[in-house]
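Commentary on secondary and tertiary structure
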Amino acid sequence: MNLLANIKSAMKRIKVIKKKTARNRMVKSQLKTAIKKFEEALTAGNFEDAKAKLKFVEKKLMQAAAKNVIHKSKASRKVSRLATKLNKAV
């Protein structure tokens, strides 16, 4: 392992940050995929499927906010905008 830090605690922090960064990237990627699937269902006119997907997206956004991957206001704003999209389409 080739780390720039010399101090043991600093080396550990680098490892921890790498793990957390990887997890955050994974969660954000899952969010983007879920939102994309919701929007695809919406454009296809499949409103029942879109409602189910919106519920799933809301759950995932709130989980991400709870883990501080994204800010809770951002999660709420996204849910609100997606719900508005669904309501306008129906």
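Right above here is the structure, for reference.
Here's a quick rundown of the structure. (Residues numbered from 1 in each chain as written. Predicted model: local features only at pLDDT ≥ 70, side-chain atom pairs only at ≥ 80, totals over all residues. Heavy atoms only, no water.)

The N-to-C vectors of helix α1 (residues 8-43) and helix α3 (residues 72-89) enclose an angle of 10 degrees; their axes lie 11 Å apart at closest approach. With respect to α3, the element α1 is oriented roughly parallel. Every residue of α3 that contacts α1 at I35, F38, E39 and L42 is listed here: K78, L82, K85, L86 and A89. (Axes fitted to C-alpha atoms, helices over the stretch in contact; angles between N-to-C directions. Helix = DSSP H or I, 4+ residues; strand = E, 2+ residues; numbered from the N terminus. Parallel < 35°, antiparallel > 145°, perpendicular 65-115°, else oblique. Contact = heavy atoms within 4.5 Å.)

On to a positive patch on the surface, then. On the surface, a cluster of positive charge is contributed by K28, K32, K74, R77, K78 and R81. Broken down by secondary-structure element, the contributors of at least two residues to the positive patch are α1 and α3. If one sorts the elements of the positive patch by residue count, α3 sits on top with four residues. Relative to the assigned elements, K78 resides in helix α3. (Patch = residues over 30% accessible without salt bridge, like charges linked within 9 Å, V, L, I, M, F, W, Y side chains within 5 Å. Areas by Shrake-Rupley, 256 points an atom, 1.4 Å probe, with all protein chains shown as cover. Salt bridge = Lys/Arg side-chain N within 4 Å of Asp/Glu carboxyl O. Lys, Arg positive; Asp, Glu negative; His and termini not counted. Charge placed at Lys NZ, Arg CZ, Asp CG, Glu CD.)

F38, V57, L61 and I70 are the most contacted members of the largest nonpolar core, which totals 19 residues. Within the residue set of this core, elements represented by two or more residues are α1, α2 (47-66) and α3. Of the residues forming this core, the biggest block, seven residues, is contributed by α1. (Core = buried A, V, L, I, M, F, W, Y, C linked by side-chain atoms within 4.5 Å. Buried < 20%, exposed > 50% of the residue type's maximum accessible area, 1.4 Å probe, protein only.)

Where α1 meets α2, the axes come as close as 8 Å, and the angle between the chain directions of the two elements is 160 degrees. In terms of orientation, α1 and α2 fall into the roughly antiparallel class. When the axes of α1 and α2 are compared, the crossing they make is left-handed. Only F47, D49, A50, K53, L54, F56, V57, K60, L61 and A64 of α2 make contact with α1, whose side of the interface consists of V27, L31, A34, I35, K37, F38, A41 and L42. Along the lines of polarity and charge, the residues of the contact of α1 with α2 split into 14 nonpolar, no polar and four charged. (Left-handed = near helix turned anticlockwise from the far one by under 90°. Nonpolar A, V, L, I, M, F, W, Y, C, P; charged D, E, K, R; others polar.)

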